[in-house]
Amino acid sequence: MAPKGKAGTKGKKQIFEENRETLRFYLRIILAASALYAVVNLVIFYPAASAWTWVAFVFSCVVYGTSYRSMSSMAKPSFTDDGSLADGGIDLNMEQGMAEHLKDVILLTAIVQVLSCFSLYLWYFWLLAPGRALYLLWVNILGPWFTAESSPAGQEPNEKKQRRQERRQMKRF
């Protein structure tokens, strides 16, 4: 059961600690997935490794690097001159934030990278990321913009019609 009342706010120190733990967690995921992929595809099956194997590995490293670096720059704390915490950075565990999308990209890349140890065709699942980006673009920006009703500025509602509708609504109640 959800707690009643206003949700509690996090302090600077709590945000700082949670951000540090979140970054450690995702760094471990990145290192584990990359190590597994490298060992399986680039060491054990080296003779069967094609140029696409290397391209996929470099692509995943670029995705990991940009996503992790973006998250770490968002969570960068600031300290005062005496060494005390002035700001804990942006909360990486905040719902519906940019960090949530970056974490999704890291997880999707790690899952696809590990599964691609079986077949390089599984890299096509990574197309889910731009698909989700296009979906969010449509739902949040383009869709409302295209479907917004445009009312001409010169066409104000007739006062007589408005009063008549108000009377009808009053009769209903």
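One can find the structure itself at the top, above this paragraph.
Computed from a predicted model, the values in this text were never measured in an experiment.

About the thresholds
- Residues numbered from 1 in each chain as written.
- Predicted model: local features only at pLDDT ≥ 70, side-chain atom pairs only at ≥ 80, totals over all residues.
- Heavy atoms only, no water.
- Helix = DSSP H or I, 4+ residues; strand = E, 2+ residues; numbered from the N terminus.
- Expected span 1.5 Å × (residues − 1).
- Bend = angle between axes of the 7 residues up to and from the residue.
- Core = buried A, V, L, I, M, F, W, Y, C linked by side-chain atoms within 4.5 Å.
- Buried < 20%, exposed > 50% of the residue type's maximum accessible area, 1.4 Å probe, protein only.
- Salt bridge = Lys/Arg side-chain N within 4 Å of Asp/Glu carboxyl O.
- Patch = residues over 30% accessible without salt bridge, like charges linked within 9 Å, V, L, I, M, F, W, Y side chains within 5 Å.
- Areas by Shrake-Rupley, 256 points an atom, 1.4 Å probe, with all protein chains shown as cover.
- Lys, Arg positive; Asp, Glu negative; His and termini not counted.
- Charge placed at Lys NZ, Arg CZ, Asp CG, Glu CD.
- Phe/Tyr/Trp six-rings, centres within 6.5 Å; stacked < 30°, edge-to-face > 60°.
- Contact = heavy atoms within 4.5 Å.
- Axes fitted to C-alpha atoms, helices over the stretch in contact; angles between N-to-C directions.
- Parallel < 35°, antiparallel > 145°, perpendicular 65-115°, else oblique.
- Left-handed = near helix turned anticlockwise from the far one by under 90°.
- Nonpolar A, V, L, I, M, F, W, Y, C, P; charged D, E, K, R; others polar.

A. Examining helix α1 (residues 12-44) more closely. Compared with the 48 Å implied by 1.5 Å per residue over 33 residues, the 46 Å span of α1 between its first and last C-alpha is a close match. The sharpest bend along α1 comes to roughly 25°, located at A38.

B. Structural detail: the nonpolar core. In this structure, Y64, M71, L92 and I106 are the most contacted members of the largest nonpolar core, which totals 14 residues. If you list the elements that add at least two residues to this core, you get α1, α2 (51-74) and α3 (98-115). With five residues, α1 is the largest single contributor of residues to this core. Of all hydrophobic cores here, the second largest spans 13 residues; its members include Y37, V40, A56 and W123.

C. Representation of the pattern of salt bridges in the model. Counted by the stated rule, this structure contains two salt bridges. Among the salt bridges present, the one from R20 reaches E17, with a minimum N-O distance of 2.6 Å. Placement of both R20 and E17 in helix α1 is noted, with a separation of three residues, approximately one turn of the helix. Since its relative accessible area comes to 33%, R20 is described here as partly exposed. Residue E21 pairs with R24 through a salt bridge whose shortest N-O separation is 2.8 Å. Taken together, the residues span about one helical turn, with E21 and R24 both in helix α1 at a distance of three residues.

D. Just the environment of K12, in detail. Examined against the element boundaries, K12 turns out to sit in helix α1. Taking the relative accessible area as the measure of exposure, K12 reaches 44% and is therefore partly exposed. Residues K12 and G89 lie 77 residues apart in sequence; the distance between their C-alpha atoms is 7.9 Å.

E. Representation of a nonpolar patch on the surface within the structure. A cluster of nonpolar side chains, namely Y135, W138, V139, W145 and F146, defines an oily patch on the protein surface of about 620 Å² accessible area. The residue V139 is located in helix α4 (residues 128-147) in this model.

F. Here's a closer look at a positive patch on the surface. Among the surface-exposed residues, K160, K161, R163, R164, R167, R168, K171 and R172 lie close enough to one another that they form a single positively charged patch. Positionally, R163 belongs in helix α5 (residues 159-172). On the basis of relative accessible area, R163 is assigned to the partly exposed category, the value being 48%.

G. Main features of the packing of aromatic side chains. Enumeration over the complete set of coordinates arrives at nine aromatic pairs. Ring plane angle 85° and centroid distance 5.1 Å describe the contact between F25 and Y26, whose orientation is recorded as edge-to-face. Between Y121 and Y124, the ring centres sit 6.5 Å apart and the planes meet at 20°, which makes this aromatic pair stacked. Taking the relative accessible area as the measure of exposure, Y121 reaches 65% and is therefore exposed. Of the residues examined, Y124 reaches a relative accessible area of 56% and is grouped as exposed. Members of the aromatic cluster, each reached through a chain of ring pairs, are Y37, F57, F59, W123 and W126.

H. Structural detail: the side chain of S67. Tracing the backbone through its elements, the reader meets S67 in helix α2. Owing to a relative accessible area of 5%, S67 belongs among the buried residues under this scheme. Leaving out residues up to four positions away in the same chain, S67 has contacts with L102, V105 and I106.

I. Geometry of the packing of α1 against α3. Contact geometry for α1 and α3: axes closest at 9 Å, N-to-C directions at 20°. Here α1 lies roughly parallel to α3, going by the angle between them. The chirality of how α1 crosses α3 is left-handed. Here T22, Y26, I29, I30, A33, S34, L36 and Y37 of α1 come into contact with α3, specifically with K103, I106, L107, A110, Q113 and V114. Here the residues of the contact of α1 with α3 are counted per class, giving ten nonpolar, three polar and one charged.

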